[in-house]
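Below, each chain spelled out in residue letters.
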Amino acid sequence: MESLSWLQIIGAMAGRFLPVWLALGATFALSIAFKRRLGLYGKLFDSPVGMIGFAIVMFWAFTALFADTIITLDPLSQFSGSKNAVPGSALKAPSEGGYTHFLLGADHVARDVFSRMVMGSRVVLKIAPAATMFAFMVGITLGLPAGYIGGKLDTGLSFLANLVLAFPVILLFYLLVTPEIKATYIPTSFAATLFLFPVIFLVLLLNSRFFTNPMKRNLYVGIVLVIGLWAYSGLAFNADPLGVWSMDPNLLNVFVSVVFVNSPGVFRIVRGMVMDIKTRDYVAAGQTRGEGAWYIMLWEILPNARGPLIVDFCLRIGYTTILLGTLGFFGLGVSPESPDWGSTIDDGRKLLSIVAHPALAPALALMSLVLGLNLLADGLREESLKD
Amino acid sequence: MLKFIVRRLGVMLLTALALTFIVFYLTNLPPNLEKLAKSEASVRMSDEDVIKWIDNNGYSTSMVSRYGQWLGVLPGWVKTLESGEVRGRCIAKGSDPAAAPSYCGLVQGSWGQSTVFKKPVTEVLSRGLSMTSWLMLSVMLVMVPVALILGVLSGMREGSATDRVLSTFAIGSTATPEYVSGVIFVALFASATAGISPILADWGWISGKTLFMGTATSAMDKITFWNFALPVMTIALYGIGYIARMTRASMTEVMTAQYIRTARLKGVSFRQVVMKHALRNALIAPFTVIMLQFPWLLNGVVIVETLFNYKGFGWTLVQAATNNDIELLLGCSVVAVLVVLVTQLISDIGYVFLNPRIRLS
């Protein structure tokens, strides 16, 4: 079988991404058609930078979603005799009806680079946004009272946050994400603490809102508590009686460490903004009306801080992606077979000066995703400043 | 001012103690000690032997007391084995137990023994740090001027074409972590099969196979442009974007200030306004950012030294961490934490000095 030329490779890859192009086209057509009715999200489509960023991010999001149909070969299986095959080379023994070429070559144990890169997006996009979300819940739940109440609480929490921020990230990862640590109670107790915050956050949010309407309050808080604690028992302790919620111990360890590293940053931003906003007149008006402290924090201050928080959220997903890559690069946490981008770069770097393509594909993928997120954040910042 | 510095130093000391205790605690967890026992004595040890080894080497006492011993505020442990041999924290192997000091810790200047390198921790660390200081120095020399020039140029005329191009470059560089840019640089400039090296070799422009060297191992003996440029570029690139964006933000803010407009209306040339009026005020914020960039540089150093096989501080840290070399890892964290805290302090004090609007007390 003939090898493919670069032009054919690009054509074939573009063809494989067909579902992504379709989904991307549909998203853009719908969003632009209704952009005046979509608030901040709609305004994003007024800024070219934001649109490019959003397109890149959604490209990877759809790639992760449709990864099963995009991949050409099984990302984990090895094809004998094709070690370090160059991009476009043909398979030695293609299976009946299977794909016949390595689009982006094969790596040092003859696995398909293209399929691993596509599958890697799924690993990254499964962890990074979720971990960032958790970090935000922790940062907001602690940052609001620290900024609003101040005093000893603020001093204590700020000291803890600075403590974590002063830790070199890599040292912390090396201490927390090792097979030895997995055997101790540390990941579980970390998870038990950190995963409690989303439940606390939602309960406080709903309780302060519907405090005056006990019927509704009991219903909403009850639903949150039942679902939240159910998920909590499964995710943190792996003790879900129904077995719906569970997390692989490897993944849990990585997830918890990434959340832990990210939350102090969020805490500092939220605290700073609350200290600024709490001097406004509408907060004083709320206090005069006799509104509760949590109501003011969650329903008066937080919505007014949303602009910078959304921007930071985008940037922080990018940062989390970089952190996950760092973990993979040092071979920490994830299983050695895993196709995530960081570990693939780590696999490829040993032979880098002889064969570059196995490391280059995931490196460019990671870079483009983070770039997309940064551009998106930039566009959002620009548009949110316009109001 | 003095009170402020004393207070900050107090908080710093507390932070350093807390951080080293956390590292001490995590490295001394039972599974880590078991791993250490197996790597030190023999891999095929029975569980009882492991417990015995841990006991005989003083790891079975309470964590807090051992931390105190490591700090040098508690006397080191001494233990007489069944065989009659006297072992202790401060007793070097084969020396006379009676002559050994009773305290030996950080305060006394004894940082312990590295189990991986079989050398005193201070020796390993000072070697690594001297290597890394060259790297850091080169990175700073490249990163700071480039970033400041880029930031000032793009912030000078907000919204101009220069601004657009430079801002896009800055965003791109912050999106490229070291392990990505390192891989791309090596593939472009230091690969015998890809990038520009094969072409240059074909034309006969370079004598070797590659333009730059893919490893920096030879830079440990003699630093040349060809073996050191790629690691330095890799670390610098990530920082450049961030500092440039901060400089740009502060420059655009200054350029819209009243006194700049006044100067322009008086007829001072644009060049003069930028150089004489705007620059100094615009550089206050980036100064803090550059100082706070140090901790992140530390990360970059670890990644780049691993990628380019340059045996400095970052490489030592990775070796210590992967082999659970407790004393060396503690030494590394003391250095790392000190770097972070001292730069924070300098950035705070420097900010006060640079900005006449801030008055303490």
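Cut-offs applied
- Residues numbered from 1 in each chain as written.
- Chains lettered and ligands numbered in written order.
- Predicted model: local features only at pLDDT ≥ 70, side-chain atom pairs only at ≥ 80, totals over all residues.
- Helix = DSSP H or I, 4+ residues; strand = E, 2+ residues; numbered from the N terminus.
- Rg over C-alpha atoms; globule rule 2.2 N^0.38 Å.
- Buried ≥ 20, exposed ≤ 12 C-beta atoms within 10 Å, placed from the backbone.
- Contact = placed C-beta atoms within 7 Å.
- pLDDT = per-residue confidence, 0-100.
- Domains from an automatic or database assignment.
- Nonpolar A, V, L, I, M, F, W, Y, C, P; charged D, E, K, R; others polar.
- Core = buried A, V, L, I, M, F, W, Y, C linked by C-beta atoms within 7 Å.
- Axes fitted to C-alpha atoms, helices over the stretch in contact; angles between N-to-C directions.
- Parallel < 35°, antiparallel > 145°, perpendicular 65-115°, else oblique.
- Left-handed = near helix turned anticlockwise from the far one by under 90°.
- Expected span 1.5 Å × (residues − 1).

Participant: Which residues make up the overall build of chain A, and what values go with them?
Facilitator: A count of helices and strands for chain A gives 18 helices and 0 strands. Relative to its length of 387 residues, chain A is compact, with a C-alpha radius of gyration of 24 Å against a globular reference of 21 Å. Counting only C-alpha atoms and orienting by the principal axes, one finds that chain A spans roughly 80 × 55 × 40 Å. Looking at chain A residue by residue over its 387 residues, the buried ones come to 45%. Taking contacts inside chain A between residues at least 6 apart in sequence as the whole, the part at least 24 apart equals 72%.

Participant: Hey, could you go over the confidence of the model for chain B for me, with residue numbers and the actual values?
Facilitator: In the predicted model, chain B carries a mean pLDDT of 83, and the fraction of residues at 70 or more is 97%. Complex prediction metrics read pTM 0.89 and ipTM 0.85.

Participant: A description of the domain arrangement of chain B should follow, citing residues and the corresponding values.
Facilitator: All names here are of chain B. Here the domain parsing of chain B yields domain 1 (2-99) and domain 2 (121-360). Each of domain 1 and domain 2 has a C-alpha centre, and these two points are 37 Å apart. For the side of domain 1 that touches domain 2, the secondary structure elements donating two or more residues are α1 (2-27) and α2 (30-40). Here the side of domain 1 that touches domain 2 gets 11 residues from one element, more than from any other, and that element is α1. Partitioned by chemical class, the residues of the side of domain 1 that touches domain 2 number 9 nonpolar, 6 polar and 2 charged.

Participant: Can you explain the nonpolar core? Please cite residues and give values.
Facilitator: In this structure, A:L194, A:V259, A:A363, A:L373, B:V183 and B:L230 are the most contacted members of the largest nonpolar core, which totals 201 residues. Examining the composition of this core, we find that 21 residues originate from one element, helix α6 (residues 113-149) of chain A, more than from any other.

Participant: Summarise the domain arrangement of chain A; cite the residues concerned and give the values.
Facilitator: Residue and element names in this part refer to chain A. Here chain A is described as being made up of domain 1 (6-121 + 350-384) and domain 2 (123-317). Once you take the C-alpha centre of each, domain 1 and domain 2 turn out to be 32 Å apart. Secondary-structure elements contributing two or more residues to the side of domain 1 that touches domain 2 are α4 (48-65), α6 and α18 (357-385). In terms of residues, the side of domain 1 that touches domain 2 owes the most to one element, α18, which gives 7 residues. Partitioned by chemical class, the residues of the side of domain 1 that touches domain 2 number 7 nonpolar, 4 polar and 1 charged.

Participant: Could you give me a rundown of the interface of chain A and chain B, with the residues and numbers involved?
Facilitator: At the junction of the two partners, chain A supplies 35 residues and chain B supplies 41 residues. Secondary structure elements with two or more residues in the side of chain A that touches chain B: α7 (151-166), α8 (169-176), α16 (306-329), α17 (341-349) and α18 of chain A. By residue number, the principal contributor to the side of chain A that touches chain B is α18(A), which donates 10 residues. Residue composition of the side of chain A that touches chain B, grouped by class: 25 nonpolar, 7 polar and 3 charged.

Participant: Any details on the packing of helix α14 (residues 281-289) of chain A against helix α15 (residues 293-304) of chain A? Residues and values, ideally.
Facilitator: Residue and element names in this part refer to chain A. Across the interface, α14 lies against α15 with an axial gap of 11 Å and an inter-helix angle of 150°. The orientation of α14 relative to α15 falls into the category roughly antiparallel. Handedness of the α14/α15 crossing: right-handed. Contact residues: α14 offers Y282, V283, G286 and Q287, while α15 offers I296, E300 and I301. The class makeup of the residues in the contact of α14 with α15 is 4 nonpolar, 2 polar and 1 charged.

Participant: With reference to specific residues and values, describe helix α12 (residues 214-237) of chain A.
Facilitator: Between the first and last C-alpha of α12(A) there are 32 Å, a value that for 24 residues agrees with the 34 Å anticipated at 1.5 Å per step. At the C-terminal side of α12(A), A:N238 shows a positive phi close to 55°.

Participant: Requested: an account of the environment of B:V116, with residues and values cited.
Facilitator: Residue and element names in this part refer to chain B. Inspection of the secondary structure assignment puts V116 in the loop between β3 (113-114) and β4 (119-120). Expressed as a C-alpha distance, the spacing of V116 and V165, which sit 49 residues apart in the sequence, is 49 Å. Ignoring any residue separated from it by four or fewer positions in sequence, one finds V116 in contact with Q319, A320, N323, D325 and L328.

Participant: Got a sec to walk through helix α14 (residues 313-322) of chain B? Specific residues and values, please.
Facilitator: All names here are of chain B. Of all 10 residues in α14, 8 are buried; the element is thus mostly enclosed. Among the residues making up α14, those that are buried are F313, G314, W315, T316, L317, Q319, A320 and A321. Looking one or two residues past α14, N324 carries a phi angle of roughly 45°, positive in sign.

Participant: Explain the packing of α18(A) against helix α7 (residues 178-189) of chain B to me, and be specific about the residues and the numbers.
Facilitator: The relative placement of two packed helices comes down to the angle between their axes together with the axis-to-axis distance. Where α18(A) contacts α7(B), the axes come no closer than 9 Å and their chain directions differ by 135°. Compared by their axis directions, α18(A) and α7(B) come out oblique. Crossing angle aside, the handedness with which α18(A) passes α7(B) is left-handed. In contact with A:A359, A:L360, A:A363, A:L366 and A:M367 of α18(A), α7(B) contributes B:V180, B:V183, B:I184 and B:A187.

Participant: Would you mind going over unusual backbone geometry in detail, with residue names and values included?
Facilitator: Residue and element names in this part refer to chain B. Unlike most non-glycine residues, K118 shows phi in positive territory, near 55°. As for its position among the elements, K118 is in the loop between β3 and β4. The phi torsion at N309 lies on the positive side, around 55°, for a residue other than glycine. Using a count of 15 C-beta atoms within 10 Å as the deciding quantity, one classes N309 as partly exposed.

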